[in-house]
Amino acid sequence: MFVYADNAATTSVSEGAVKAMTRGLKEVYGNPSSLHAKGREAEAVLKEARAEVAALVNAEPSEIYFTSGGSESDNWAIKGAAKLGAAKGKRHLITTRFEHHAVLHTMRALEKEGFEVTYLDVHENGIVKPEEVEAAIREDTALVTIMFANNEIGSIQPIREIGKICREKGVLFHTDAVQATGHLPIDVKADNIDMMSASGHKFHGPKGVGFLYVKRGIRLPNLIEGGAQESSRRAGTENLPGILGMAEALKEAVEGMEEHSKKVTAMRDKLIAAIEKIPKVRLNGDREKRLPGNVNFCFDGIEGESLLLSLDLEGICASSGSACTSGSLEPSHVLLAIGVPKEVAHGSLRLSLDYVNSEEEVDYIIEKLPPIVERLRDMSPVWEEIIKEESRLSA
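Model, not experiment: these values are computed from the prediction.

Conventions used here
Residues numbered from 1 in each chain as written. Predicted model: local features only at pLDDT ≥ 70, side-chain atom pairs only at ≥ 80, totals over all residues. Heavy atoms only, no water. pLDDT = per-residue confidence, 0-100. Contact = heavy atoms within 4.5 Å. Pairing = 2+ DSSP bridges. Helix = DSSP H or I, 4+ residues; strand = E, 2+ residues; numbered from the N terminus. Axes fitted to C-alpha atoms, helices over the stretch in contact; angles between N-to-C directions. Buried < 20%, exposed > 50% of the residue type's maximum accessible area, 1.4 Å probe, protein only. Right-handed = clockwise from strand over helix to strand, strands pointing away. Expected span 1.5 Å × (residues − 1). Polar contact = N/O pair within 3.5 Å; in protein donor to acceptor, adjacent residues only side chain to side chain. Phe/Tyr/Trp six-rings, centres within 6.5 Å; stacked < 30°, edge-to-face > 60°. Lys NZ or Arg CZ within 6 Å of the ring centre and 35° of its normal.

Model confidence for the protein chain is summarised by a mean pLDDT of 95, while 97% of its residues fall at 70 or above. In this model, residues 322–328 is a region of pLDDT below 50 whose contacts with residues beyond four sequence positions or in other chains number 13 contacts.

Our next topic: the sheet that holds strand S2 (residues 64–67). By way of backbone hydrogen bonds, the strands of a sheet pair with one another, either parallel or antiparallel. Strands sit in the order S2-S8-S7-S6-S5-S3-S4 across an open sheet of seven strands; the sheet is mixed. Edge positions in the sheet fall to S2 and strand S4 (116–120), since each of these pairs with one other strand and no more. For this sheet, the mean angle separating the axes of adjacent strands, direction not counted, is 20 degrees. In this structure, strand S3 (residues 92–96) lies alongside strand S5 (residues 141–145), joined through three bridges in parallel fashion.

What follows covers the pairing of S5. Judged by how many residues are buried, S5 sits mostly within the fold: five of five residues are covered. In the sheet, S5 pairs with strand S6 (residues 172–176) via three bridges, with the strands oriented parallel. Pairing of Thr-145 across the sheet is with His-174, part of S6. Viewed along the sheet, the connection from S5 through helix H6 (residues 159–169) into S6 turns out right-handed.

Phi angles above zero are rare outside glycine, and His-123 is one such case at about 65 degrees. Looking at the secondary structure, you find His-123 in the loop between S4 and helix H5 (130–136). Positive phi outside glycine occurs at Ser-231, with the angle close to 55 degrees. With respect to the helices and strands, Ser-231 occurs in helix H7 (residues 229–232). Among the residues examined, Ser-231 registers a relative accessible area of 47% and is labelled partly exposed.

The three strands are arranged S9-S10-S14 in an open sheet whose pairing can be described as antiparallel. Pairing within the sheet leaves two strands with one partner each, and these edge strands are strand S9 (281–283) and strand S14 (348–352). Along the sheet, successive strands turn relative to each other by an average axial angle of 25 degrees, direction set aside. Two elements, strand S10 (residues 294–299) and S14, share five bridges in a ladder whose sense is antiparallel.

Let's shift gears to the side chain of Asp-194. Among the structural elements, Asp-194 can be located in the loop between S6 and strand S7 (195–199). Asp-194 has contacts with Arg-167, Val-171, Leu-172, Phe-173, Tyr-213, Val-214, Lys-215 and Ile-218, leaving out every residue within four places of it along the chain.

Over its twelve residues, helix H4 (residues 101–112) runs 16 Å from end to end, which matches the ideal 16 Å to within 8%, given 1.5 Å per residue. Along H4, the residues classified as buried are Ala-102, Val-103, Leu-104, Thr-106, Met-107 and Leu-110. As for H4, its buried residues are in contact with helix H3 (70–86), S3, S4, S5, S6 and helix H11 (333–337). Backbone geometry just downstream of H4 places Gly-114 in the positive-phi region, at approximately 100 degrees.

Here Glu-72 shows up in helix H3. According to the relative accessible area criterion, Glu-72 is buried, its value standing at 17%. Polar contacts involving the side chain of Glu-72 include one to the side chain of Arg-234, which spans 2.4 Å. Beyond its immediate stretch of four places on either side in the chain, Glu-72 contacts Thr-67, Leu-223 and Arg-234.

Inspection of every chain in the model, using the stated rule, returns two aromatic pairs. The interplanar angle of 70 degrees and the centroid separation of 5.7 Å between the aromatic rings of Tyr-65 and Trp-76 together place this pair among those described as edge-to-face. A residue pair is termed long-range when its members are at least 10 positions apart, and Tyr-65 in strand S2 and Trp-76 in helix H3 qualify at eleven residues. Considered together, Tyr-65 and Trp-76 belong to a single accessibility category, that of buried residues. Above the ring of Tyr-29, the side-chain terminus of Lys-38 is found at 4.6 Å from the ring centroid. Positioned above the aromatic ring of Trp-383 is the side chain of Arg-377, whose terminal nitrogen or guanidinium carbon lies 4.0 Å from the ring centre.

Set out below in structure tokens:
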């Protein structure tokens, strides 16, 4: 059996999205900036897609800017807000320790330009406390950026409360909603969001296309100079096939969200319950306030990479919080941020389910995972030391 359980990394493109993209490739192939009939046709379709995406998050069409994805949207929002703040003498930014690298690396770059960044703790359950956000805001704070839901451990943040605090303090609030869009209800107005990033391939749309919501009245600096596309803020001929595919995928995701969430949450909880029967494991992230399909565990005594490769041999696609950087194995910054010891964080596994997965696939994971963990531990000198230490303490 083949099981794709890495939907947090990317999803398959839905049939509806493929159909919409094909229309953009074969039928509506004009340049939306052209004045002739084909150009006007493309412009009308682009306008419809923008309105559809806006309606699905309760925004205005003029507040939606199409981008190449989440990383670009994050960069544009954060760097743009920093520049706006600097013009008013505000050079302080607030984020969390476990953001996506598109946010953290942007913050590091801004620190080199003289900005000061406060990195908030997210505690053991992976959730930032609104009162700590409020306490960190200063007179010179230009922006607060906190992700809607974490990409590794799935913890959902109190976005509405944080946004309300920022609104009351007169500070711009941006959220990286790449993992949440299409999977959780989002209302940019009710959630007090000023800017929000999203990426099509996380909800069964195509790769290479996303959007940035920017509340009316916030005039971000231009991202790309050139033509008049995206209200003259992001020049370049629009990726119409990608935009159409993303709009259709988001529509499908939002319309089916309640049904999908119920199915996926049940499979997630079944998988979590089964994995917790394995000795010496740790569930990462909040047990309740987590993405419907997110399952993230650490396994004492084994390396995440060995676990991934073994699962892959059984036809199971998953991911780990560990990453190879500069030739040395480094544990996940997300797991370290929630207090997981380095030696334990190395043995992490993320299984991310979606509505396209089946009960049979979950059962297959449950069947294959425990013996793999046992086999890897039997070969692990680290596990041997853990057992020896336990025996010594119990003697």
